[in-house]
Amino acid sequence: MHQVDVLLTNKIMENKKISGAEAVIHSLLNEGVDLVWGYPGGAIMPVYDEFYKFQDKLKHILARHEQGAIHAAQGYARSSGKVGVAIATSGPGATNLVTGIADAQIDSTPVVCITGQVPSHLLGSDAFQETDIIGISMPVTKWNYQITKAAEIPDIFAKAFYIAKSGRPGPVLIDITKDAQFELFQFKYSKCEGIRSYNPLPKIDISAVDNAVELINNAKKPFIVWGQGVLLGNAEEEFKRFVEKSGIPAAWTILGVSALPTSHELNVGMVGMHGNYGPNILTNECDLLIAIGMRFDDRVTGDPKTYATQAKIIHLDIDPAEINKNIKVEVPIIGDCKESLRFITDKIEKKSHEKWISNFDDLMKIEFDKVINSDLNPSKKGLTMGESIIAINEQTKGDAIIVTDVGQHQMVACRYANFIQSKSNITSGGLGTMGFALPAAMGAKMGAINREVVAVIGDGGYQMTIQELGTIFQLQIPVKIVILNNDFLGMVRQWQQLFFDKRYASTEMINPDFVTIAKGYYIDSERVNDRKELKPAVERMIKSQKPYILEICVEKEDNVFPMIPSGASVSDVRLS
């Protein structure tokens, strides 16, 4: 809905009372929302009645499960840069959102969740489908609020959207009692421009910038590790300028990938448990570590007591709570990295570090010989996950959005997928939510309708939210779904092989016929077993204008390397 239309509608309503349910719709329209994911039920039914009346202005997509709705809202937010919206009823409807809300919280995804609630006079009575969703969701939301009076709706919705998208983004939940949805009041909406005691954009300390500049100019072996904060801050251009002027090699966390093209000469790969050999090893050899928009997660640092102890550390982050939380740093720069990077880049000397960068090249050659060559080796008996991702690269030219689930395929896709533009990698990073990819991919496609979206999913995670094929079929969302099927919960099996003497407890799977299931949803599909079938099948999938499912049967006991054992130092990275 255009802003002119919103203003006109608000003018018409000045002397007219409307219901709380209708106020929800007008509040969403005032925030520029054009798409909502959800699942109806008794306690939210008044709002759904208004969706029906306003369907020409606000599109609602019926997911097949509330978890599917929230993951779709996450995917939509991540691909579009907008706030995702999910809606559900009370009780089980609300609790089914919680996994996605927790995922959005740890991965800093801006979503607003709306839940219905029993009438206010029944609160606390254990009424039918009553659950204290405010208490349940408090630890995993940036903010939550229960509305019991219709007149609260405009201000609370304005605050919710402001909080969700400002500063470090995150999920917000609004719970609305059923009587508040029916209650009449005079609607007036004003966007939230600020909240007392909430400071989402800290002022940057210029003295800290100057200290950082001095360290950067004097460093002999500097190293950059960047995370999703670069993407969330829309700071890709500022980051690229900083990297190129400083001449410093840069590596990414899995949520940061695509902020800098994977082909960039100073992009040296991925850090972390299954990251590239060079970036992990050289983390403990650099003399300066510049962390930008990343939170020193344990999957990145390994044993924090041995992480980059020889280096001075500069940490750029918008959230003061992340500073010195996991790793002690010399120079914290709190603020929006779009701004702080600009300050730093203007002041640093232009340099190159060829000798230092050659160390990354040397270690990449070792990784290629011992890991990558094996992953992509066509002489292997069975197909590998690595060559499957390379086949996708060849067809998409690195221009697709890749949405991954959680497991071995996730690490392989992050390692081998090519990206030439920003916001191209969508995955569940911090929470590691299996079942994320299928609904997140359909959300990503609706958020970036002109881009190719390819979901890469393991056979385990696929079956956790497989019901969302119904949503994809009903709306004919042209998402491409690749199932890398190894008949195992692969990542758990890999740990069992390496650390539990191959005791494969509850990880081998007897799977259904995924192609037959796809036929039941009237979605085009095929299965690949032989190497000669792979490239033609991927080409057919990418050329299709409709939703498409490609099952690739890969080696059952392939492992993902390099690997840093849990709790080990990044220097202890294993190649086999």
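See the structure above.
So, how was this worked out
- Residues numbered from 1 in each chain as written.
- Predicted model: local features only at pLDDT ≥ 70, side-chain atom pairs only at ≥ 80, totals over all residues.
- Heavy atoms only, no water.
- Phe/Tyr/Trp six-rings, centres within 6.5 Å; stacked < 30°, edge-to-face > 60°.
- Helix = DSSP H or I, 4+ residues; strand = E, 2+ residues; numbered from the N terminus.
- Buried < 20%, exposed > 50% of the residue type's maximum accessible area, 1.4 Å probe, protein only.
- Contact = heavy atoms within 4.5 Å.
- Pairing = 2+ DSSP bridges.
- Core = buried A, V, L, I, M, F, W, Y, C linked by side-chain atoms within 4.5 Å.
- Axes fitted to C-alpha atoms, helices over the stretch in contact; angles between N-to-C directions.
- Salt bridge = Lys/Arg side-chain N within 4 Å of Asp/Glu carboxyl O.
- Disulfide = S-S within 2.5 Å.
- Parallel < 35°, antiparallel > 145°, perpendicular 65-115°, else oblique.
- Left-handed = near helix turned anticlockwise from the far one by under 90°.

Engineer: Whenever I open this one, the packing of aromatic side chains confuses me. Can you help?
Structural biologist: The way to describe two aromatic rings as a pair is by their centre distance and the angle between their planes. Enumeration according to the criterion identifies 13 aromatic pairs in this entry. When the centroid spacing of 5.4 Å and the interplanar angle of 35° are considered together, the rings of Phe473 and Tyr522 count as tilted. With Phe473 in helix H21 (residues 469-475) and Tyr522 in the loop between helix H23 (514-520) and strand E19 (524-528), the pair connects residues that are 49 residues apart, well separated along the chain. Look at Phe473 and you get partly exposed, because its relative accessible area is 33%. Here the aromatic rings of Trp495 and Phe499 are separated by 5.5 Å at their centres, their planes lie at 70°, and the arrangement is edge-to-face.

Engineer: I would appreciate a short explanation of the environment of Ile195 in the present structure.
Structural biologist: Along the chain, Ile195 falls in the loop between strand E8 (184-186) and helix H10 (206-218). Of the residues examined, Ile195 reaches a relative accessible area of 23% and is grouped as partly exposed. When the C-alpha atoms of Ile195 and Ala440 are compared, they prove to be 31 Å apart, with 245 residues separating the residues in sequence. With sequence-adjacent residues up to four places away left out, Ile195 is seen in contact with Lys159, Tyr162 and Ile163.

Engineer: Which parts of the structure should I look at to understand the environment of Pro261?
Structural biologist: If you trace the backbone, Pro261 turns up in the loop between strand E10 (250-252) and strand E11 (267-270). Residue Pro261 is classed as partly exposed on the basis of its relative accessible area, which comes to 22%. With 157 residues separating them in the primary sequence, Pro261 and Asn418 have C-alpha atoms 7.8 Å apart. Setting aside its immediate chain neighbours within four residues, Pro261 contacts Asn267, Phe419 and Ile420.

Engineer: How should the pairing of strand E14 (residues 331-334) be read in this particular structure?
Structural biologist: Here E14 shows a clear split, with Val331 and Ile333 buried on one side and none of Pro332 and Ile334 buried on the other. The pairing of strand E13 (residues 312-317) with E14 spans four bridges and is parallel. In the strand pairing of E14, Ile314 is matched with Val331.

Engineer: Looking at this structure, how should I read the nonpolar core?
Structural biologist: A general tendency of soluble globular proteins is for nonpolar side chains to be buried together. Counting residues in hydrophobic clusters, the biggest one holds 68 residues, and the most contacted among them are Phe239, Ile290, Ile292 and Ile333. Beyond its immediate sequence surroundings of up to four residues, Phe239 is in contact with Ile224, Trp226, Val230, Ala250, Leu260, Ile292 and Leu341. In terms of nonpolar packing, the next biggest core, distinct from the first, is built from 49 residues, Ile101, Leu173, Val403 and Phe436 among them.

Engineer: What is the right way to read the sheet that holds strand E3 (residues 59-62) from this model?
Structural biologist: Two pairing modes exist for strands in a sheet, parallel and antiparallel, and in both the strands are linked by backbone hydrogen bonds. In space, the six strands of this open sheet follow the order E3-E2-E4-E5-E7-E6, with parallel pairing throughout. Strands at the two margins of the open sheet, each flanked by one partner only, are E3 and strand E6 (143-147). Each strand of the sheet is rotated relative to its neighbour by a mean of 20°, with strand direction disregarded. Of the pairings in the sheet, the one linking strand E2 (residues 35-38) to E3 comprises four bridges and is parallel in character. Directly across from Leu35, in E3, lies its bridge partner Lys59. Helix-sheet contacts for helix H19 (residues 437-447) involve E2 and E3, and the interaxial angle to E2 is about 165°.

Engineer: So what exactly am I meant to see when it comes to the pairing of strand E5 (residues 111-117) here?
Structural biologist: On a regular strand, each side chain points to the face opposite its neighbour's, so the side chains alternate between the two faces of the sheet. Counting buried positions along E5 yields seven of seven residues, so the element is predominantly enclosed. Alternating residues of E5 divide into Val111, Cys113, Thr115 and Gln117 and Val112, Ile114 and Gly116, and every residue in both groups is buried. As defined by bridge partners, strand E4 (residues 84-88) adjoins E5 across five bridges and the pair is classed as parallel. Across the sheet, Val85 pairs through a bridge with Val112, a residue of E5.

Engineer: Could you clarify how one ought to interpret the pattern of salt bridges in this entry?
Structural biologist: Think of it this way: side chains of opposite charge can pair up when their charged atoms draw near. Per the stated rule, a full pass over the model turns up 26 salt bridges. Close ionic contact of Lys53 with Asp49 constitutes a salt bridge, the shortest N to O distance being 3.5 Å. Of this pair, Lys53 and Asp49 are both found in helix H3 (residues 45-53), four residues apart, which corresponds to roughly one turn of the helix. Here Asp501 ties to Arg503 by a salt bridge, and the two come within 3.4 Å at their closest N and O atoms. For Arg503, a relative accessible area of 48% corresponds to the partly exposed category. Shared partners join several salt bridges into a network, and the residues in it are Arg168, Asp319, Glu322 and Lys325.

Engineer: Got a minute to help me understand the state of the cysteines in this structure?
Structural biologist: In a disulfide, the sulfur atoms of two cysteines are covalently bonded to one another. In the structure shown here, the tally under the stated rule is zero disulfides. Of the cysteine sulfurs around Cys113, a residue in no disulfide, the closest is that of Cys192, at 19 Å.

Engineer: Explain the environment of Ile449 to me, please; I cannot follow it from the model alone.
Structural biologist: Structurally, Ile449 is set in the loop between H19 and strand E17 (453-458). Sequence separation between Ile449 and Ala259 is 190 residues; the distance between their C-alpha atoms is 20 Å.

Engineer: Before we go on, may I ask you to explain helix H18 (residues 408-416) in this structure?
Structural biologist: Extensive coverage of H18 is indicated by the burial of nine of its nine residues. Looking at H18, one finds that the buried residues are Gln408, His409, Gln410, Met411, Val412, Ala413, Cys414, Arg415 and Tyr416.

Engineer: Even after reading the chapter, I still don't get the packing of helix H2 (residues 20-30) against H3, so can you show me in this structure?
Structural biologist: Two quantities define a packed helix pair, namely the angle between the helix axes and the distance between the axes. In the contact formed by H2 and H3, the axes pass within 8 Å of each other and the chain directions differ by 55°. In this view, H2 runs oblique relative to H3, as classed from their interaxial angle. Note on packing geometry: the crossing formed by H2 with H3 is right-handed. Contacts between H2 and H3 involve Ala21, Glu22, Val24 and Ile25 from the former and Pro46, Val47, Glu50 and Phe51 from the latter.

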